[in-house]
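# Remarks on the overall topology
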Amino acid sequence: MFKFSKNWSKDFDISVVFILITGLLFRGAIAYWIAPGYDESYYYIYSHQLNWSYFDHPPMVALSTGLGTWLTGIANQFTIRWGALLLYTGSLWLLYLTGKRLFNPDVAKLTLIIASIIPVFGIVFGIFTLPDAPLIFFWSASFYCAVCEFFNYADTPPHPYRPTYRLAILGILVGLTCLSKYHGFFIGLGFVIFCLTIPQYRAVFRSSWLWLGLGLFIITLFPLWYWNLQHDWVSFGFHLSKRFQTPKSFNILGVLGVLLGNILIMFPTLGLPMVWLMAKNLRQQIPTFFSRKALIDRSDLENRQWLILCVSVPLIVGFSLVGGYYFVTPTWAVPGFWTPTLLLGYWMGQKSKRWTYKWLKYSGITIVTLLLLTLLHLNLGIFQKPSQYGIFGGIISPRYDPSTEVLDITPLQQAFVDSPVFSEALANSQFIFTHLYFLGGLIDLAIHPLKPIPVYCFCRDPRGFAFWYEPKEWLGKNGLFITNKRFVESPEVIDRYRPYFQEFQKIGEIPIKRGGVVTNIFYVYQGRNFLKVYP
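All values derive from a computational prediction rather than experimental measurement. (Residues numbered from 1 in each chain as written. Predicted model: local features only at pLDDT ≥ 70, side-chain atom pairs only at ≥ 80, totals over all residues. Heavy atoms only, no water.)

## Quick word on the overall build of the chain
The secondary structure content of the chain amounts to 24 helices and five strands. For the chain, the C-alpha atoms occupy an extent of roughly 80 × 55 × 50 Å along the three principal directions. Each of the 535 residues in the chain was classed as buried or not, and the buried ones make up 53%. Partitioning the contacts of the chain with sequence separation of at least 6, the portion at a separation of at least 24 is 74%. (Helix = DSSP H or I, 4+ residues; strand = E, 2+ residues; numbered from the N terminus. Buried < 20%, exposed > 50% of the residue type's maximum accessible area, 1.4 Å probe, protein only. Contact = heavy atoms within 4.5 Å.)

Below is the structure:
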């Protein structure tokens, strides 16, 4: 049915480059236009507080976020996303190469197209600067390395497996995946499960290459364990226990919520068949492990598909089960759906080209249309009521529109440049603080390019801020407190900090507009003579 290729350079397909470049330009336009998110701004602080690791995440996101700002000397919503834009293009290329090795060039191209149009992949892995961007890049590199280690090209006969030097390289790549996000440990677990369950690959555990790879894995993880060793393993404790302190009874609706949420954000026409294919493949494969004859008679194709499932299912099932006890953001499980895109590409490759073309064409058109409408609303308020760009007079009031939480920080930054009151207050202050860690990131991204002043969070959950500065060094000095409209409506938020300064007074407001209408307001207070360390 397919024409196979052993050497991609011999039948190089220019359309693959076209898909990659088109996707990069489309995502780049969104990255340029959309305001920075809370998490993205918080990771910007990582990039100028370089360390071996961090409270919330391993260190790789600091490098990917800082790339654009270091190259240009400019810090804004676009430059902090350069790393994500480039890494995701590399991830797609690696996924394409993996598809060629596992199946054939046609399936590889279909997989590339699918991964390029699944909205949550492009947003979480390829636009926003999040730990997921380097995670998926090194995940893809690790998986491609494993595929090259365990399988020949699909058009060549299977051969007895002999461990090679690639196991050592794989140890480094899995380590880099873990240095991107703790999800990376799942792909290592998946490789172990694969080798344990398929008899011919158990030779891995008798190979010296494996032990070299394990040693290189541990060495690669040095930044992670060194930082945690210095800080009482606080990062592991936060992710493994503190996030889930309150015990709750199991609720199957939570599990279904995670799965359905992922189907929705992948877009139903792509997410639903992917989940169905995974379930179908699992149902077919698992019984073979309970029959000696069936296990021996397993086909090479089954083993290739089983490797995909081994690195994906543990992560998806793990976070889905956690969702039965605690609230889980659907995006936590999204990395688990990255490699099963290959299964969807293979399945579509068995269908008629006309049917596949229509499926992907209309899915892509719908997804791009929805993304563009969302982008127009986030920036211009086309569904906002009132708005000078509102469609049919608008639909939703800014007061009830959660999209107003996507804050354009340009007016905040410009106010400290243009206003004599704000610029003087900044010049006379030695630190800035707020009351929520995610607001601290936005404030830092706006102010740090103007003046490299410490930004801190005086609250119960300061996250990384607790490790970056020592507030006792500011005793006797002046500080600025910045918050936004939602929290000023609670007077206790402001009153909380008055006892910590000799004087504490409001110096002004900075409105944030969308569609010509004020949708949010930053409030700035100045505290003189910091008296005692919070709390």
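What follows picks up the thread again.
## Side note on the sheet that holds strand β4 (residues 501–514)
Ordered in space as β2-β1-β3-β5-β4, the five strands form an open sheet in which the pairing is mixed. In the strand order of this sheet, the two ends are held by β2 (455–457) and β4, each with one partner. Taking each pair of neighbouring strands and ignoring which way they run, the sheet shows an average axis angle of 25°. Summarising the sheet, strand β1 (residues 431–434) and strand β3 (residues 479–484) pair through three bridges and their orientation is parallel. For I432, the partnering residue across the bridge sits in β3 and is L480. Sheet strands in contact with helix α21 (residues 437–447) are β1, β2 and β3, and its direction is about 145° off that of β1. (Pairing = 2+ DSSP bridges. Axes fitted to C-alpha atoms, helices over the stretch in contact; angles between N-to-C directions.)

## Observations concerning helix α16 (residues 300–322)
Between its first and last C-alpha, α16 extends 34 Å over 23 residues, near the 33 Å set by a 1.5 Å rise per residue. At S312, α16 shows its strongest bend, of approximately 35°, with the proline P314 following within four residues. (Expected span 1.5 Å × (residues − 1). Bend = angle between axes of the 7 residues up to and from the residue.)

## Quick word on the confidence of the model for the chain
When the pLDDT values of the chain are averaged, the result is 92; 96% of them are 70 or greater. Within the chain, the lowest mean pLDDT, 77, falls on helix α23 (residues 485–488), and the highest, 98, falls on helix α8 (residues 166–178). (pLDDT = per-residue confidence, 0-100.)

## Here we look at the pattern of salt bridges
Overall, the coordinates contain ten salt bridges when judged by the stated rule. Its salt-bridge partner being E40, residue R81 comes within 2.7 Å of it at the nearest N-O pair. Remark: E40 occurs in helix α2 (residues 38–48) and R81 occurs in the loop between α3 (60–72) and α4 (82–102); sequence separation between them is 41 residues. Here R81 and E40 have matching classes, each one buried. One salt bridge connects K181 with D132, and the closest N-O pair in it is separated by 3.0 Å. A residue pair is termed long-range when its members are at least 10 positions apart, and K181 in the loop between α8 and α9 (184–197) and D132 in helix α7 (residues 132–150) qualify at 49 residues. What makes K181 buried here is its relative accessible area of 9%. Owing to a relative accessible area of 5%, D132 belongs among the buried residues under this scheme. The network of salt bridges with shared partners includes D56, D461 and R463. (Salt bridge = Lys/Arg side-chain N within 4 Å of Asp/Glu carboxyl O.)

## Side note on the packing of aromatic side chains
Geometrically, a pair of aromatic rings is defined through the distance of the ring centres and the angle of the planes. Under the counting rule described, the total for this entry stands at 70 aromatic pairs. Here F121 and W338 contribute two aromatic rings whose centre-to-centre distance is 5.3 Å and whose plane-to-plane angle is 65°, an arrangement assigned as edge-to-face. Taken together, the positions of F121 in helix α6 (residues 119–126) and W338 in the loop between α16 and α17 (341–349) put the pair 217 residues apart, joining distant regions of the chain. Pair check on accessibility: F121 and W338 agree, each one buried. A centroid spacing of 5.1 Å and a plane angle of 80° characterise the contact between F137 and F138, whose relative ring orientation is edge-to-face. Judged by its relative accessible area of 22%, F137 falls in the partly exposed class. The class for F138 is buried, based on a relative accessible area of 14%. The ring of Y153 has R101 lying over it, and the distance from NZ or CZ to the ring centre is 4.8 Å. Positioned above the aromatic ring of Y500 is the side chain of K532, whose terminal nitrogen or guanidinium carbon lies 5.1 Å from the ring centre. (Phe/Tyr/Trp six-rings, centres within 6.5 Å; stacked < 30°, edge-to-face > 60°. Lys NZ or Arg CZ within 6 Å of the ring centre and 35° of its normal.)

## A word on the nonpolar core
Of all hydrophobic cores here, the largest spans 142 residues; its most connected members are F121, F143, F150, F194, W338 and F416. When near neighbours in sequence (up to four residues on either side) are disregarded, F143 contacts T98, L102, I187, F191, L307, I308, V311, T339 and L342. (Core = buried A, V, L, I, M, F, W, Y, C linked by side-chain atoms within 4.5 Å.)

## Comments concerning the packing of helix α13 (residues 252–266) against helix α14 (residues 268–285)
Two quantities define a packed helix pair, namely the angle between the axes and the distance from one axis to the other. Look at α13 against α14: their axes get within 6 Å of each other, and the N-to-C directions meet at 135°. Relative to α14, the element α13 is oriented oblique. Our pair here, α13 against α14, has a crossing hand that is right-handed. Contacts between α13 and α14 pair I263, L264 and M266 from the former with P268, L270, G271, L272, M274 and V275 from the latter. By residue class, the composition of the contact of α13 with α14 is eight nonpolar, one polar and no charged. (Parallel < 35°, antiparallel > 145°, perpendicular 65-115°, else oblique. Left-handed = near helix turned anticlockwise from the far one by under 90°. Nonpolar A, V, L, I, M, F, W, Y, C, P; charged D, E, K, R; others polar.)

## Observations concerning the pairing of β3
Both faces of the sheet carry side chains from a regular strand, because those side chains alternate between them. Across the six residues that make up β3, a large majority, six, are buried. In β3, alternate side chains face the same way, and those of G479, F481 and T483 on one face and L480, I482 and N484 on the other are all buried. Sheet topology note: the β3/strand β5 (residues 517–530) ladder contains six bridges and is antiparallel. In the strand pairing of β5, T483 is matched with Y523.

## A few points about the side chain of R101
Topologically, R101 is positioned in helix α4. Of the side chains with opposite charge, E149 lies nearest to the buried R101, which makes no salt bridge, at 8.4 Å. Reaching out from R101, the side chain makes a polar contact with the backbone oxygen of F151 at a distance of 2.8 Å. Contact partners of R101, with chain neighbours within four places excluded, come to V147, C148, F151, N152, Y153, A154 and R304. (Lys, Arg positive; Asp, Glu negative; His and termini not counted. Polar contact = N/O pair within 3.5 Å; in protein donor to acceptor, adjacent residues only side chain to side chain.)

## Some points on the layout of surface pockets
Considered as a void within the structure, the second largest pocket measures approximately 540 Å³ in volume. In this structure, the second largest pocket is lined by 23 residues; those nearest its centre are T22, G23, S116, I117 and V368. Here the lining of the second largest pocket takes seven residues from helix α1 (residues 14–33), the largest share from any one element. Here the lining of the second largest pocket is built from residues that sort into 16 nonpolar, five polar and two charged. (1 Å grid on protein atoms, 1.4 Å probe; cavity = no way out; pocket = protein on both sides within 12 Å on 5 of 7 lines; lining within 4 Å. Points joined across faces, edges and corners; volume = space filled by probe spheres on them.)

## Digging into unusual backbone geometry
The omega torsion across K385 and P386 is 5°, close enough to zero to call that bond cis. Here the bond from Y534 into P535 is cis, since omega is 5°, no more than 30 degrees from zero. Structurally, the position occupied by P535 is in the segment after β5. A positive phi angle is found at W233, which is not glycine, with a value near 55°. For W233, the location among the structural elements is in the loop between α11 (222–230) and α12 (234–240).

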